[in-house]
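Reading the structure
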Amino acid sequence: MTRLEPLGQAQSPGHEQGIKLTTFIPVRFVRHKARKVVVEPPLPGRLASPRQPGQHPGCDEVLMRALARGLFWQELFDSGRVASIAEIAAHEGVEKVRVQKMLRLTRLAPDVVEDIARGRQAVGLSLEHFMRKPIPDDWDAQRAAFAEQAG
C-alpha cells in the first residue's frame, strides 16, 4: 500500500473570506463485485473491508459462477470428455483465452475458495482481479498475495 504523508498545515487565506480547512481521510476506492466501494483502513488483526453500512456481505455471484464453470471444465479435462481448451471454447462460445483464465481459478487454495463462497474474500478480489493478475501455484504464496491485496 502506498505510504501517505501529510502535505502541509491547514492555511487560512484571511478572516474576510472565512477559514478554509483541509481534512484528509485515509480510504481507498476499489472495484468489488462489479462496482466501486470505499475501503476503510484495516485495523490491527483484521483485513480491510468495504464500507457498506446496513448491507449484509454476500457471496460474489459472478466470481462463484466463474469458479464453478472452471471446476466443471477441469472435470471435463480430467475425465477425458474434452481434449483441448479449443473444444470448450467452441462449445461455450467464448474465446480460448477466457477459458484459460477461468481454468486458473481451479488452482486456488481450498480455504480461499471457501472464503469466496462465504463472501469473506478480501476486498478487490473479484473475477476481474483474477482475470488480470497471475495466480501463484503455491497456496501459501496465494494467501500472502491476497492478504497484501487487502491491506
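This section reports on the structure supplied with the text. (Residues numbered from 1 in each chain as written. Predicted model: local features only at pLDDT ≥ 70, side-chain atom pairs only at ≥ 80, totals over all residues. Heavy atoms only, no water.)

**Observations regarding the pattern of salt bridges**
Overall, the coordinates contain 6 salt bridges when judged by the stated rule. Linking arginine 118 and glutamate 114 is a salt bridge whose minimum nitrogen-to-oxygen distance equals 3.0 Å. A relative accessible area of 52% places arginine 118 in the exposed class. By relative accessible area, glutamate 114 is classed as partly exposed at 38%. With its nearest N and O atoms 3.4 Å apart, the salt bridge here joins glutamate 128 to arginine 132. On the criterion of helical spacing, the pair formed by glutamate 128 and arginine 132 is a turn pair, its members being 4 residues apart in helix α5 (residues 127-132). The class of arginine 132 is exposed, set by a relative accessible area of 65%. A network of salt bridges, in which partner residues are shared, links Asp111, Asp140 and Arg143. (Salt bridge = Lys/Arg side-chain N within 4 Å of Asp/Glu carboxyl O. Buried < 20%, exposed > 50% of the residue type's maximum accessible area, 1.4 Å probe, protein only. Helix = DSSP H or I, 4+ residues; strand = E, 2+ residues; numbered from the N terminus.)

**Here we look at the environment of valine 97**
Tracing the chain through its elements places valine 97 in helix α3 (residues 96-104). Owing to a relative accessible area of 47%, valine 97 belongs among the partly exposed residues under this scheme. Measuring from C-alpha to C-alpha, the distance between valine 97 and methionine 131 comes to 9.8 Å, with 34 residues separating the pair along the chain.

**Structural notes on the packing of aromatic side chains**
As enumerated under the stated definition, the model contains 1 aromatic pair in all. Aromatic side chains phenylalanine 130 and phenylalanine 146 sit 5.6 Å apart centroid to centroid with 90° between the ring planes, which places their arrangement in the edge-to-face category. In this pair, phenylalanine 130 sits in helix α5 while phenylalanine 146 sits in helix α6 (residues 139-150), placing the two residues 16 residues apart along the sequence. An identical accessibility class is assigned to phenylalanine 130 and phenylalanine 146; each is buried. (Phe/Tyr/Trp six-rings, centres within 6.5 Å; stacked < 30°, edge-to-face > 60°.)

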